[in-house]
Amino acid sequence: MFFSAPKNKRMFPSVLLFLVGVFGMVTFGFSQTVLSEDNFESDFGNWNDGGDDVHRMNESSIINLSDIDTYECVDNLSGKVVRLRDNSDSNSSLISNKFDFSSFNSVAVSYNFFVASMENGNEDWFLELSSDNGNNWTTIKQYVKEIDFNNNDCGSENFGVKEIVTFNANNYVFNTKNKLRLRCDASSNNDYVFIDNLIVTGYEDSDTNDWLGYSFDFVTEASRWSKSEVPNADSNIRIPSDKKIRIRDDREFNNVTISSDGNLTINLDGSLTVQNDILNTGIFKCYSNDDEFGSLIVNGTVDGVLNYHRWINNWEPNENGNDIISPPVSGQTWSSFLTENTLSNGTHRIYNNGTLYAFYNYNNGYYGWSDPYSTATDVTLDVSQGYRVSTAQNDSRTVKFTGNVETGNVSVNLRNVQTRWNVVGNPYPSYVSLSDFLTENIEVLDENYAAVYGYNGINGTDGWSYYNLTNAIINNVTIAPGQGFYLAAKSDNVTVTFTPDMRTIVGGDDFLQDGRSTSDVSFHKLRLSLENGSQIRHTELYFLENNNVSEGFDLGLDSDIFDSGDNYNLYSKLVTDSTDEKLAIQTLPLDNVSQSIVPIGVEAVTGQQITFSIDNIVIPDDVVIYLEDRDKDTWTLLNDMTSYIVDVNETISGTGRFFLHFEPNDALSNKDINLNEVGIKAIHNTKQIIISGQLAEDTNVSIYDINGRTILKTTIDAYNTTNRIDVKNLITGIY
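Residues numbered from 1 in each chain as written. Predicted model: local features only at pLDDT ≥ 70, side-chain atom pairs only at ≥ 80, totals over all residues. Heavy atoms only, no water.

Quick look at the overall build of the chain now. The helix and strand inventory of the chain stands at 3 helices and 54 strands. Within the structure as shown, the chain displays about 31,300 Å² of accessible surface, and the carbon and sulfur contribution to it stands at 42%. (Helix = DSSP H or I, 4+ residues; strand = E, 2+ residues; numbered from the N terminus. Areas by Shrake-Rupley, 256 points an atom, 1.4 Å probe, with all protein chains shown as cover.)

The structure is reproduced here in structure tokens:
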């Protein structure tokens, strides 16, 4: 049963109805009883003035009162209102008639208010309860300045909405002698609180905890719940009609009901886990941005649709600006997707020319992407299919997907016809553990590519992010909701499966988020980078404490680069039993961290300058890392972010020239060095060290820093009386 809202008043949920001239008990569903509802138009109704400092007055006269300069509450307070002032105890109080709360588990009090001229920090007002007909009073809520209100606030949080306070029988005495009062505790007759639309509602002991607050309220505010307690994993909650709740952190409930016109929103920094079911006949939304994604996990079923607002990168000419995504919900048609993402001005969130849209599916097992979707495309979006999508130019934003929430297994058929490559996606509106996904499906993936390949689509980088079991476990990597990625099928028509056990609320970035390192895994790592001024390539090395790790090939721990055939690449080769692999990630035994020599492969055409460096280093302090250049016969220390520069005068292709050495840190020797007839001099402008004099044989030369670490190693020729050592890669310092 619904009633029209009175003039100049907001319409609130059906349990908080405006009934002109009706007092007493009006009972509705959901074990709720409206005990009183007063707008003070003709009299005080179910309330009484406590004395001279309580007065009914016209709302339109508020602006005329002394010390009130601003008043903007005309849409929330109207007609007659109650004015409270000063601090004269009962004389400054609005006191109810007697209530019988004995049959209720909790009680809610809601009202509109405007507060003015409370300048002092100790000026406030109270909502109080009596259990002995008003002889003694207990505080339910104290309204503290700058915490609960500020001057000229119009309603809770100054949003122009009703204040709602709930309290329960566990914390207060409920009986047949209950009274309520609102008491002003200010300083003078010019300090005011104005009250209107005052409703008292009783809630019987129910299995459901109803949300009574607003979208700006925090879930942790117990006074906003019908049971006057914050729900937990054992709680059944309901969002009544016209009520809105926003999940801003990690929340877990037993069952969730969203009533017609109710609204539950999972913020981009929030997550919701439901142990059983969700029944949704209202509005259910989840949001994301470029590095945070709201997450939903339901262990039962979801009746009703979810609107997931998924972040998509904008179209960037010559920058490959787009995202590889998958729908985070199932069952939506392309035509429905187009309609829901058309803006009020007629433009569309997806980049388009009016007919064709920057929306493509990958031809799994064959080469490349499909033709762009058009207004005539007649398909249902596949929750497990990867799509290449761009929003309008210079307008990265969220795109709305509406559909069913997957809560069971989702299987994907992989093809391997012309190519091994497939593009699939996370089918859940939650994060997925990458290590769990790879462990479940590794046997059907190409053994050299038993990893997840993420497309970055930005010039100046690899274009790819590589994740296999090694860094997935170490970094606790998760796949974001609705994220697409590449997989390499071992053979044609094999199946990978996403399972509910893979779901997690942990994650962050809009591709694959590196979480915190797993504390019970011992490892060392580094990333070797190669930069040519406009592009960067990476290869990663891990040293892992794992009995399954060897110096040869290990399934799921050693993974090849996505070799797109370009002429600029960086990779490593296996330390033993190397064949034709080009590794983006290589995993070695933990004990090898101070005794490994790793071949490095480089592909670079002539006419450019390339720079080697290392970062993302987790290496013991007593281990030093050298890059050996056998063509130049030099060793360069890469620790402390030192780089090594090479002018490419002839095309470099493959391995055999560069090697990465991991060695114990050499200390400086105290042995005297006889430099008879040998001269050493540094030339600053050409950054060379010149060693002159006749040597008896070829001689090894090492340069150390002041900490005793070898910075550079080389060999000089005994047949030359003048040897020049290029040190342009060394930073200025004392050696």
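There is more to say, and it comes next.
Attention shifts here to the sheet that holds strand E22 (residues 295–298). Strand order in the open sheet formed by 3 strands is E16-E19-E22, with parallel pairing between adjacent strands. Of all strands in the sheet, those bounded by a partner on one side alone are strand E16 (250–253) and E22. Between one strand and the next, the sheet's axes are offset by a mean angle of 10 degrees, whatever the strand orientation. For E16 and strand E19 (residues 271–274), the ladder comprises 4 bridges, and the chain directions are parallel. Directly across from Asp250, in E19, lies its bridge partner Ser271. (Pairing = 2+ DSSP bridges. Axes fitted to C-alpha atoms, helices over the stretch in contact; angles between N-to-C directions.)

Now for the confidence of the model for the chain. Taken over all residues, the pLDDT of the chain has a mean of 86, while the share at 70 or more is 87%. pLDDT under 50 marks residues 513–519. Its contacts with residues more than four places away, or in other chains, come to 19 contacts. This stretch, residues 667–673, has a pLDDT under 50; its non-local contacts, to residues over four places away or in other chains, come to 4 contacts. (pLDDT = per-residue confidence, 0-100. Contact = heavy atoms within 4.5 Å.)

To continue, consider the sheet that holds strand E18 (residues 263–266). If you trace the 5 strands from one edge of the open sheet to the other, you get E15-E18-E21-E24-E28, paired in mixed fashion. Strand pairing shows two members of the sheet lacking a second neighbour, strand E15 (244–247) and strand E28 (397–403), which therefore form its edges. Neighbour-to-neighbour, the strand axes of the sheet open up by a mean angle of 20 degrees, direction not taken into account. Pairing geometry for strand E21 (residues 283–287) and strand E24 (residues 306–312), over 3 bridges, is parallel. Paired with Lys285 across the strands is Asn307, a residue of E24.

The final tally for this structure, using the stated rule, is 1 disulfide. The disulfide partner of Cys73 is Cys154, and the gap between their sulfur atoms is 1.7 Å. Separated by 81 residues along the polypeptide, Cys73 in the loop between strand E4 (54–58) and strand E5 (80–85) and Cys154 in the loop between strand E9 (138–143) and strand E10 (163–168) bring together distant segments of the chain. (Disulfide = S-S within 2.5 Å.)

Glancing now at unusual backbone geometry. Its identity is not glycine, yet Asn133 carries a phi of approximately 65 degrees, on the positive side. Secondary-structure assignment places Asn133 in the loop between strand E8 (124–130) and E9. On the basis of relative accessibility, which here comes to 35%, the residue Asn133 falls in the partly exposed class. (Buried < 20%, exposed > 50% of the residue type's maximum accessible area, 1.4 Å probe, protein only.)

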